Amino acid sequence: MTQATLTVTIDRGPDDQSAQTVFQVPAFDNQTVLDVVSWVQQNADPTLSYRFACRVGMCGSCAMMVNGVPRWTCRTHIAKVLDGDAVTIAPLRNLPVIKDLVVDMDPFFDKWIAAEGVHHGDLTRDDPIAPVDTATPARVVADAGIECINCSVCYAACDTVANNDDYLGPAALQRAWTLLNDAKDTGRDVILDAVSGDGGCHNCHAMGSCTVYCPNDLDPMTAIAGLKRETAKSFFRKDRRS
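Residues numbered from 1 in each chain as written. Predicted model: local features only at pLDDT ≥ 70, side-chain atom pairs only at ≥ 80, totals over all residues. Heavy atoms only, no water.

## Focus: the layout of surface pockets
- There is about 240 Å³ of room inside the largest pocket.
- For the largest pocket, the lining is made up of 13 residues, of which H119, L123, P128, A130 and K184 are closest to its centre.
- Broken down by class, the residue content of the lining of the largest pocket amounts to 6 nonpolar, 4 polar and 3 charged.
- Considering only enclosed or pocket space, the second largest pocket measures out at about 190 Å³ in volume.
- Taken together, V69, P70, R71, W72, R75, T76, V212, Y213 and P215 make up the full set of residues lining the second largest pocket.
- Going through the elements one at a time, β4 (69-72) and α8 (209-213) are the ones with two or more residues in the lining of the second largest pocket. (1 Å grid on protein atoms, 1.4 Å probe; cavity = no way out; pocket = protein on both sides within 12 Å on 5 of 7 lines; lining within 4 Å. Points joined across faces, edges and corners; volume = space filled by probe spheres on them. Nonpolar A, V, L, I, M, F, W, Y, C, P; charged D, E, K, R; others polar. Helix = DSSP H or I, 4+ residues; strand = E, 2+ residues; numbered from the N terminus.)

So this is what it looks like as structure tokens:
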């Protein structure tokens, strides 16, 4: 019996001279996109660079564009994304390509910091641990976004990011919204100032690609809408005081 094969195109990014390379890869049952990429690297092109770690959808490092859609390749079965017997795999959109399927994540994390997506606390290690009431409305909102693992799928899916280099992006803004609703965080004013600037939440066109493609079923679009409301309220409060 003849072994079925897949036609796999590796698109190494816009700056690579050998941008697209086609491989014939054996097809197997329960094969993931990451399995396909690994086969290419192990059997056809040992120079192929790509990232992965956990293989179980916990780290997010294996995210790539699969037929134009950002996905975790370790959790995407190849049979579900084939176009006939073909698939095109490329580096994540909206990020600089280091080599092949590996992108530079620094711009993504720089925007996380720019959005004040870091905990702002006023306690020391000598203070007692502050209790958290998980039933409060604010805590429920905070918990809704806390499972983000920084895979950058939403960032790659976002057309606003693609057309506006200054836009902070859905992951950073969702993190800001999570902290804004965290009773332990004391940086409310700092966060609102950070997300209301030129690259902030009001650049979002509410197209919803971030929410559609998030592998963890998070909802950055709703988080960004929340930031828009709170920054508007903050602006008008300041206007009344002045």
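## Side note on helix α1 (residues 33-43)
- Burial in α1 covers these residues: V33, L34, V36, V37, S38 and V40.
- Summarising the contacts, the buried residues of α1 are in contact with β1 (5-11), β2 (20-26), β3 (63-66) and β5 (86-90). (Buried < 20%, exposed > 50% of the residue type's maximum accessible area, 1.4 Å probe, protein only. Contact = heavy atoms within 4.5 Å.)

## Considering unusual backbone geometry
- A positive phi angle, near 65 degrees, is found at N150, a position not held by glycine.
- A positive phi angle, close to 55 degrees, is found at A206, a residue other than glycine.
- Mapping A206 onto the fold places it in the loop between α7 (188-195) and α8.
- Overall, the relative accessible area of 45% leaves A206 in the partly exposed class.

## A few points about the pattern of salt bridges
- Per the counting criterion, the structure on display carries 10 salt bridges.
- Residue R12 is joined to D100 by a salt bridge in which the shortest nitrogen-to-oxygen separation is 3.0 Å. Here D100 lies in the loop between β6 (97-99) and β7 (102-103) and R12 lies in the loop between β1 and β2, a separation of 88 residues in the sequence. For the pair R12 and D100, one class covers both residues: buried.
- Notably, a salt bridge pairs D182 with R139, separated by 3.3 Å at the nearest N-O pair. Of this pair, D182 sits in the loop between α6 (170-180) and α7 while R139 sits in helix α3 (residues 137-144), and the two are 43 residues apart along the sequence.
- Residue classification places D182 among the buried residues on the basis of a relative accessible area of 12%.
- Via salt bridges that share partners, R12, D45, K99 and D100 belong to a single interconnected network. (Salt bridge = Lys/Arg side-chain N within 4 Å of Asp/Glu carboxyl O.)

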